[in-house]
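Here's the letter readout for the chains.
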Amino acid sequence: MNFSDKSLVVSGCSFSAGGGLDNPDFWETLFPNINKNDYLNEKGYPTEEFYHQIVDKNNYAYFLSEVAGFKEYYNLSEGSAGVYSTIQRLYRFIKENPKKDMFVIYQPPAYNRVETVVNGKFKSVWTLKDNDEKLFDLFYKNFYDDIFYFYKSILEIDNLVQLCKSKNIDYMILDWNGVYDIHSEFFIQKLKEYKEGRNKIYTDHMGWFSNKYEMWSYNLRKMVLDWNPLDIKNFWLKTDVNLKITKNGKIVDHHLSPNGAKKLGKFLLQKIKSNKKNLI
C-alpha cells in the first residue's frame, strides 16, 4: 500500500496522545537536550509550544506516519477521554474533510470511562474522584452498570467501522488492553453477563424494546469479529523498561516513552502490511 497520498488520522486516549511526555518531572530523562524553562509557563505547566514541538513528535502516531511515509498526520487523541468523545472527533474530521484519502486508527479508551459534564466541561466521570469523591461514589454505586457500558462501547465502535466501510476509508481498531479479544476470558465472561441480561438500567423496563429488536439480542462477538481489532496488550505490557517512561532505571509511568512509541510505530506498519484483514 502506498501511503504517500494518504492522511493518517488517529484518535484515542492518553496512550495515543503521548501521555506522560508532558510531565516536567520526567523531562530530564526523556528530553535531556531541551531547556525546561523554554517550555513551562509561569504556573509551571507545559506550554502549547511544548505539545506542538515535543509531544506531537514523540508519540506512535507521528513515528508511524514517518516510517510509513504518510502525506500528513492528525492526532485527535486526548488524555482521560472516553469512547464517545474520541469517536465523535473522528466523525467530525471525516465529515469536514471529505476529499482526504484517510487511514484511520482508532484506539478505544476504557469502556467504563463514562463521560458527562463535570464542572462545566465535558469530561470523564473518573475526574470526579479527584474533585468530589462522594459524587463519584454516588454515580458508580447508583447509576453505573458495567455490562451496559461494555455493550455501548461495542455499538459505538461498530458505528465507526461501518462509517469507514461505507466511505471506503481504510481503518484499524487498536485494542490497547485486549478488551475486545473475543477469545479472552474477560470477553467470554462479559458476553455471558450480557446474555443473562444483568443490566440494572433496562431489565425493569423490557417493554421499551420490541421482541425483535430487544437490547440483549445483539451478536456482540460477530460485531467485534467483523472489526478484526489488533490486540497490542502483549506489546506494551512487555517488561522491557525501554518501552515505558523511566527515571533512574525504574518505570515511573506506564505510558510509552519516545523509544517505545518508535517501536510501536514500526510494529504497526508491519501489521498493516502483513494483515490486510485489518483494512477494508
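Rules used throughout
Along each chain, the written sequence defines residue order, and numbers are assigned to residues from 1. A pLDDT threshold of at least 70 governs which residues receive local features in this predicted model, and a stricter bar of 80 or more applies before side-chain atom pairs are shown or counted, although totals over entire chains, interfaces and linings include all residues. Here the side-chain values reflect all heavy atoms present in the structure, with hydrogen atoms and water set aside. Going along the chain from the N terminus, every DSSP run of H or I of four or more residues is numbered as a helix, and every run of E of two or more is numbered as a strand. Radius of gyration: over C-alpha atoms. The globule rule applied is 2.2 Å multiplied by the number of residues raised to the 0.38 power. Note on classification: 1.4 Å probe, protein chains only; a residue is buried when its accessible area is under 20% of the maximum for its type, exposed when over 50%, partly exposed between these limits. Contacts are residue-level and defined by heavy atoms, with any inter-residue pair within 4.5 Å sufficient. Each accessible area is a Shrake-Rupley estimate made with a 1.4 Å probe; only the visible protein chains count as cover when residues are assessed. Per residue, pLDDT measures the predictor's confidence, with a range of 0 to 100. Whether two strands pair comes down to DSSP finding at least two bridges between them. Lines are fitted to the C-alpha atoms to define the axes, a helix being fitted only along its stretch in contact, and any angle between axes, read from their N-to-C directions, falls within 0 to 180 degrees. The residues that make up patches have over 30% relative accessible area and no salt bridge, and they are joined within 9 Å when like-charged or within 5 Å when they are Val, Leu, Ile, Met, Phe, Trp or Tyr. One side-chain nitrogen of Lys or Arg within 4 Å of one carboxyl oxygen of Asp or Glu is enough to make a salt bridge. An angle counts as roughly parallel when it lies under 35 degrees, as roughly antiparallel when it exceeds 145, as roughly perpendicular when it falls between 65 and 115, and as oblique in every other case. Crossing chirality is assigned from the near helix's rotation relative to the far helix, an anticlockwise turn below a right angle marking it left-handed and a clockwise turn marking it right-handed. Polar here means any residue other than Ala, Val, Leu, Ile, Met, Phe, Trp, Tyr, Cys and Pro, which are nonpolar, and Asp, Glu, Lys and Arg, which are charged; Gly is therefore polar. Polar contacts, as used here, are pairs of N or O atoms within 3.5 Å; protein pairs need one atom able to donate a hydrogen and one able to accept it. Residues neighboring in sequence count only if both atoms are side-chain atoms.

Enquirer: I would appreciate a short explanation of the overall build of the protein in the present structure.
Expert: Tallying secondary structure elements over the protein gives twelve helices and nine strands in all. What you see for the protein is a C-alpha radius of gyration of 20 Å, in line with the 19 Å of a compact globule of 280 residues. Its C-alpha atoms put the protein at 65 × 50 × 40 Å along the principal axes. Taking all 280 residues of the protein together, 48% fall into the buried category. By sequence separation, contacts in the protein at least 24 residues apart represent 69% of the contacts at least 6 residues apart. When the accessible area of the protein is evaluated, it comes to approximately 15300 Å², of which 48% is carbon and sulfur surface.

Enquirer: Explain the confidence of the model for the protein to me, please; I cannot follow it from the model alone.
Expert: Caution applies to low-pLDDT parts of the model: their predicted coordinates are not meant to be read in detail. Averaged over all residues, the pLDDT of the protein is 89; the fraction at 70 or higher stands at 90%. Long-range and interchain partners of residues 198-211, a stretch whose pLDDT sits below 50, account for 22 contacts in this model, where long-range means more than four residues apart.

Enquirer: When you look at the sheet that holds strand β6 (residues 170-175) in this model, what are you seeing that I'm missing?
Expert: Sheet strands pair by backbone hydrogen bonding; their relative direction is either parallel or antiparallel. Here we have five strands laid out as an open sheet, ordered β2-β1-β3-β6-β7, and parallel in their pairing. Whereas interior strands pair on both sides, the edge strands pair on one side only; in this sheet they are β2 (72-75) and β7 (230-231). Both strand β3 (residues 102-106) and β6 contribute to a ladder of four bridges, which runs parallel. Of the residues in β6, the one forming a bridge with I105 is M172. The strands touched by helix α4 (residues 60-68) within the sheet are β1 (7-11), β2, β3 and β6, with β1 carrying the most contacts at an inclination of about 160°. Relative to β3, helix α5 (residues 83-96) is tilted by about 175°, and along the sheet it contacts β1, β2 and β3.

Enquirer: Would you take a moment to explain a nonpolar patch on the surface for this structure?
Expert: Together, Y84, V117 and F122 give the surface a local cluster of nonpolar side chains, amounting to about 320 Å² of exposed area. Here Y84 is to be found in helix α5.

Enquirer: When you look at the packing of α5 against helix α8 (residues 146-166) in this model, what are you seeing that I'm missing?
Expert: When two helices pack together, their arrangement is given by the angle between the helix axes and the distance between those axes. Two elements in contact, α5 and α8, have axes separated by 10 Å at closest approach and are oriented at 15°. As judged from the angle between their axes, α5 and α8 are roughly parallel. Read as a crossing pair, α5 and α8 show a hand that is left-handed. Along its contact with α5, which presents V83, Y84, I87, L90, Y91 and I94, the element α8 presents S153, E156, I157, N159, L160 and L163. Looking at the contact of α5 with α8 residue by residue, the class counts come to nine nonpolar, two polar and one charged.

Enquirer: Is there a simple way to think about α4 in this case?
Expert: Since the α-helix advances by 3.6 residues per turn, residues separated by three or four positions end up pointing in the same direction. Of the residues making up α4, those classed as buried are Y60, A61, F63, L64, S65 and A68. Packing partners of the buried residues in α4 comprise β1, α1 (14-17), β2, β3, β6 and α12 (258-274). Where α4 begins, one side-chain oxygen reaches toward the backbone nitrogen of A61, 3.1 Å away; that side chain belongs to N59. At the exit of α4 stands G69, carrying a positive phi of roughly 80°.

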